[in-house]
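Chain by chain, the residues:
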Amino acid sequence: QVHVVESGGGLVQPGGSLRLSCVASGLTFSIYGITWYRQAPGEEREFVASISSGGGITNYVDSVKGRFTISRDNARNTGYLQMSSLKPEDTAVYYCNINHLAFFYWGQGTQVTVSS
C-alpha cells in the first residue's frame, strides 16, 4: 500500500523560511515525479513546483520562482520544498503528489501560514 506523508508546515512571519518534506513508501520512489500543489481557503488547488524522477528537470509557478526550491533524495524516498522570503499570499495547505504515467498519489497536506 502506498503512503505519502507531508510535514514541515507551520506558522512563520513574512520573510521567513520553511522546508516541507514529503515521504513516500510502498512504491519505487525513484521512478516517480514529485509535484507540490497548494490550496488557499476558498481557492482552487494550484500547481507550485515539480521535479522529475531523476531530479534533473524542475518547474515552478511564476509567483514562487526565485523563492522556492524543489528537490529530492531518492535514497530517503523524500521530496522537499524549501520556501524562503515567504509572503502572506503563500498561506495555504500544501500537498505533495507523487506521479508516474497514469499513477498518482496524494498526501494529506500540511498547513503553511504566513502572518505577523
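Details of the structure are given in the entry above.
Residue indices follow the written sequence of each chain, beginning from 1 at its first position. Reporting in this predicted model follows two pLDDT cut-offs: at least 70 for local features of residues, and 80 or more for side-chain atom pairs to be given and counted; totals over whole chains, interfaces and linings ignore these cut-offs and use all residues. Each side-chain value is derived from all of the structure's non-hydrogen atoms; neither hydrogens nor water enter the calculation.

## Regarding the overall build of the chain
Note the cut-off: The helix count covers DSSP runs of H or I at least four residues long, the strand count covers runs of E at least two residues long, and both are numbered beginning at the N terminus. The method behind every accessible area is Shrake-Rupley, applied with a 1.4 Å probe, and residues are considered shielded solely by the protein chains displayed. Within this scheme the basic residues Lys and Arg register as positive and the acidic residues Asp and Glu register as negative, but His and the chain ends are omitted. Lys charges are placed at NZ, Arg charges at CZ, Asp charges at CG and Glu charges at CD.
Per the secondary structure count, the chain includes zero helices and eleven strands. Each helix and strand of the chain, ordered N terminal to C terminal, gives the series β-β-β-β-β-β-β-β-β-β-β. With the C-alpha coordinates of the chain rotated into their principal frame, the extents come out at 40 × 25 × 25 Å. Total accessible area on the chain is roughly 6,000 Å²; 49% of this is exposed by carbon and sulfur atoms. Side chains of the chain carry 8 positive and 8 negative charges; the gap between the two charge centres is 8 Å.

## Here we look at unusual backbone geometry
Positive phi, close to 55 degrees, is recorded for asparagine 77, a residue that is not glycine. Turning to its location among the elements, asparagine 77 is positioned in the loop between strand E7 (68–73) and strand E8 (78–83). For leucine 101, which is not glycine, the phi dihedral falls at a positive 55 degrees. Along the chain, the position of leucine 101 falls in the loop between strand E9 (92–100) and strand E10 (103–106).

## Observations concerning the pattern of salt bridges
Basically, it comes down to this: The rule for a salt bridge is simple: a side-chain nitrogen of Lys or Arg has to be within 4 Å of a carboxyl oxygen of Asp or Glu. When a residue's accessible area, from a 1.4 Å probe over protein chains only, is under 20% of the maximum for its type it is buried; when over 50% it is exposed; and in between it is partly exposed.
Overall, the coordinates contain five salt bridges when judged by the stated rule. Linking arginine 38 and glutamate 46 is a salt bridge whose minimum nitrogen-to-oxygen distance equals 2.6 Å. Take arginine 38: its relative accessible area is 5%, and that puts it in the buried class. Of the residues examined, glutamate 46 reaches a relative accessible area of 32% and is grouped as partly exposed.

## Describing the sheet that holds strand E3 (residues 18–25)
Defined as follows: Strand pairing is assigned whenever DSSP detects at least two bridges linking the two strands. Throughout, an axis means a line fitted to C-alpha atoms (over the contacting stretch in the case of helices), and angles, computed between N-to-C directions, take values from 0 to 180 degrees.
The strand order across the open sheet built from four strands is E1-E3-E8-E7, with neighbouring strands paired in antiparallel fashion. If you trace the sheet from one side to the other, it starts and ends with strand E1 (3–7) and E7, each paired once. Neighbour-to-neighbour, the strand axes of this sheet turn through a mean angle of 15 degrees, independent of strand direction. When E1 meets E3, the two strands line up antiparallel, connected through five bridges.

## Topic: the pairing of strand E11 (residues 110–114)
The alternating pattern of E11 places Thr110, Val112 and Val114 on a buried face, while none of Gln111 and Thr113, on the opposite face, is buried. Across three bridges, strand E2 (residues 10–12) lies against E11 in parallel orientation. Paired with valine 12 across the strands is valine 114, a residue of E11. Where E9 meets E11, three bridges bridge the pair, whose relative direction is antiparallel. Pairing of tyrosine 94 across the sheet is with threonine 110, part of E11.

## Some details on the packing of aromatic side chains
As a reminder of what qualifies: Here the aromatic set is Phe, Tyr and Trp, taking the six-membered ring for Trp, and pairing holds for ring centres within 6.5 Å; pairs whose planes are under 30 degrees apart are stacked, those over 60 apart are edge-to-face, and all others are tilted.
Per the counting criterion, the structure on display carries four aromatic pairs. Where tyrosine 37 meets phenylalanine 47, the ring centres are 6.3 Å apart and the plane angle is 85 degrees; that geometry is what we call edge-to-face. Of the two residues, tyrosine 37 is situated in strand E4 (residues 33–39) and phenylalanine 47 in strand E5 (residues 46–51); the sequence distance between them amounts to ten residues. A relative accessible area of 23% places tyrosine 37 in the partly exposed class. Between tyrosine 95 and tryptophan 106 the ring centres are 6.4 Å apart and the planes differ by 85 degrees, which places this aromatic pair in the edge-to-face class. With tyrosine 95 in strand E9 and tryptophan 106 in strand E10, this pair connects stretches of sequence that are eleven residues apart.

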